[in-house]
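Geometric and topological summary
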Amino acid sequence: MSKLPDTIEAIAINKTGGFEVIEKLTLPFPKVDPKNLVVKVEYLGVNFIDTYYRQGLYPYKEFPAVLGKETAGTIVALPTDSDVLNDPDYIKQGYEVGGKVACDFLGSHSNYASIPWLKVYPIKRGVSTRVAAAGLLQALTAVTFFEEAYEVKKGDIILIHTVAGGLGLLMAQLAKHIGATVIGTTSTKEKAELAKAHGANHVILYPVEDTVARVLEITKGEGVHAVFDGVGKDTFDSNFKMLRRKGTLVSVGNASGAVPPFPPIKLIERNLKLLRPTMNNYVYTPEEARYYGNKVWDLIADGVLKINIFEEYPFTAEGVQQAQKDLTGGKTTGKLIVKVQDA
């Protein structure tokens, strides 16, 4: 193993707040846990959860706090813990120095990161680190939610809110591959065309159309089998009007704000199901992580899931500030990434 540097360059905050609290800091190299891999990071994926932590919606334990939880790069050091090295699940992953990986670990938006091996996905099938950083979290979310939150089946009709975003486009592609009919919502004609090109059968322009009326018209009054809603507060109540009997509402996120408390008796009218899952609880065990990780790389390599990169930003405070502004401003389609360094 080559000697690791004494410091890292990291995108971090010293306090919660607006975009302006984002800084690029030189910090001591993190203590390397013997169970961890060390990754030289090449690309960062930018996600809404980064903004939640930056604002203080989700708490950090201490400051300065390194932002981000999606990275991809090259392994530069393996664990040294003998129990890990002899663990059958660790061995099955085939980690090696020089191997390309994508990682899901909070506080990893830096040029080097020490990451528990369970959070490190060996990249398969020749997928690049650029695409892996753009695709890991959203593709894992799409695949796990479609298999476990609500099992999307051939012939289903599903509604995907904000269908032209990074996750929405992946869900639309995956639903088309399965053989389901996709109704999507979005804000502009340009986004609607993009969504249709990625598998959406019907796209509703919510600023000018009545979403509920259009969904009921398309489904001949029956409603959809499932709703995947990443908007949250603004769309939550209307979802119940668009689900058919025994339908499922999967609350995916809260881009417009958190959903307020509601009475469970609201589900009784049509025997509805409501879930608020998180992807990490579907890839909790080594077996689950390996199964879904390999499935994601196969779907990407086979062209079923095309990862749309909307913009690549520089590894600077200003670059990440702009990325978060663009992400939360509703003007983007697909994924935002930050280039850290060449391989």
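Model, not experiment: these values are computed from the prediction.

This brings us to the pattern of salt bridges. Enumeration over the complete set of coordinates arrives at 16 salt bridges. The shortest N-O distance in the salt bridge between Glu70 and Lys335 comes to 2.7 Å. Here Glu70, found in strand S5 (residues 70–77), pairs with Lys335, found in strand S16 (residues 335–339); they are 265 residues apart in sequence, far enough to count as distant. As far as the burial class goes, Glu70 and Lys335 line up, both buried.

Here we take up the packing of aromatic side chains. Counted by the stated rule, this structure contains 15 aromatic pairs. The interplanar angle of 70 degrees and the centroid separation of 4.7 Å between the aromatic rings of Tyr291 and Tyr292 together place this pair among those described as edge-to-face. Classification of Tyr291 as partly exposed rests on a relative accessible area of 41%. One aromatic cluster is present, built from ring pairs that chain together Phe48, Tyr52, Tyr53, Tyr58, Tyr60 and Phe63. Taking NZ or CZ as reference, Lys266 lies 5.1 Å from the ring centre of Phe240, over its face.

It is worth spelling out the domain arrangement of the protein at this point. On domain assignment, one finds that the protein holds domain 1 (7–137 + 286–339) and domain 2 (153–276). Between the C-alpha centres of domain 1 and domain 2 there is a distance of 29 Å. Taken together, the contact pairs 14 residues of domain 1 with 13 residues of domain 2. Summed over both sides, the interface of domain 1 with domain 2 buries roughly 1100 Å², with 58% coming from carbon and sulfur. When the buried surface of domain 1 facing domain 2 is broken down by residue, Val304, Leu305 and Thr333 rank first, second and third, together holding 36% of it. Across the domain 1-domain 2 interface, the total number found is zero salt bridges. Connecting domain 1 to domain 2 are two residue pairs in polar contact (both at pLDDT 80 or more). Across the side of domain 1 that touches domain 2, the residue classes tally to seven nonpolar, five polar and two charged.

The two faces of a sheet get side chains in turn, since along a regular strand they alternate between them. Summarising the sheet, strand S15 (residues 309–314) and S16 pair through five bridges and their orientation is parallel. Following the sheet pairing, Tyr313 is matched in S16 by Val338. Traced from S15 through helix H10 (residues 317–328) to S16, the parallel crossover comes out right-handed.

Moving on, we get to the pairing of strand S9 (residues 157–160). Both faces of S9 are covered, namely the face carrying Ile157 and Leu159 and the face carrying Ile158 and Ile160. Direction of pairing for S9 relative to strand S10 (residues 181–186): parallel, over a ladder of four bridges. For Leu159, the partnering residue across the bridge sits in S10 and is Ile183. One crossover worth recording links S9 to the parallel S10 by way of helix H5 (residues 166–178), and it is right-handed. Sheet topology places S9 next to strand S12 (residues 224–229); three bridges connect them, and they run parallel. Paired with Ile158 across the bridge in S12 is Ala226.

What follows is about the nonpolar core. Most often, soluble globular proteins keep nonpolar side chains buried together rather than apart. One finds Phe145, Ile158, Met171, Phe228 and Trp297 to be the most contacted residues of the largest nonpolar core, which totals 53 residues. Residue assignment for this core shows that the elements contributing at least two residues are helix H4 (129–149), S9, H5, helix H6 (189–197), strand S11 (202–205), S12 and helix H9 (286–301). No other element matches H4, which puts twelve residues into this core. Split by domain, this core shows at least three residues from each of two domains, domain 1 (7–137 + 286–339) and domain 2 (153–276). Those residues in contact with Trp297 that lie beyond four places of it in its chain are Ala102, Tyr121, Pro122, Ile123, Lys124, Arg125, Val127, Ala132 and Leu136. Membership of the second largest hydrophobic core comes to 31 residues, among which are Val39, Tyr53, Tyr95 and Tyr313.

All right, on to H4 then. Over its 21 residues, H4 runs 28 Å from end to end, which matches the ideal 30 Å to within 8%, given 1.5 Å per residue. Along H4, the sharpest kink reaches roughly 50 degrees, centred on Gly135. With 17 of 21 residues buried, H4 lies mostly within the body of the structure.

This part covers the sheet that holds strand S13 (residues 243–251). Taken in spatial order, the six strands line up as S11-S10-S9-S12-S13-S14 in an open sheet, and their pairing is parallel. The open sheet has two edge strands with one neighbour each: S11 and strand S14 (273–275). Strand after strand, the sheet turns through a mean of 15 degrees between neighbouring axes, direction not considered. Along the sheet, H4 contacts S9, S12, S13 and S14; its crossing angle with S13, the most-contacted strand, is approximately 145 degrees. With respect to the sheet, helix H7 (residues 211–218) is in contact with S9, S10, S11 and S12, its orientation differing from that of S11 by roughly 160 degrees.

About the cut-offs
Residues numbered from 1 in each chain as written. Predicted model: local features only at pLDDT ≥ 70, side-chain atom pairs only at ≥ 80, totals over all residues. Heavy atoms only, no water. Salt bridge = Lys/Arg side-chain N within 4 Å of Asp/Glu carboxyl O. Helix = DSSP H or I, 4+ residues; strand = E, 2+ residues; numbered from the N terminus. Buried < 20%, exposed > 50% of the residue type's maximum accessible area, 1.4 Å probe, protein only. Phe/Tyr/Trp six-rings, centres within 6.5 Å; stacked < 30°, edge-to-face > 60°. Lys NZ or Arg CZ within 6 Å of the ring centre and 35° of its normal. Domains from an automatic or database assignment. Contact = heavy atoms within 4.5 Å. Buried area = accessible area lost by both parts, 1.4 Å probe. Polar contact = N/O pair within 3.5 Å; in protein donor to acceptor, adjacent residues only side chain to side chain. Nonpolar A, V, L, I, M, F, W, Y, C, P; charged D, E, K, R; others polar. Pairing = 2+ DSSP bridges. Right-handed = clockwise from strand over helix to strand, strands pointing away. Core = buried A, V, L, I, M, F, W, Y, C linked by side-chain atoms within 4.5 Å. Expected span 1.5 Å × (residues − 1). Bend = angle between axes of the 7 residues up to and from the residue. Axes fitted to C-alpha atoms, helices over the stretch in contact; angles between N-to-C directions.

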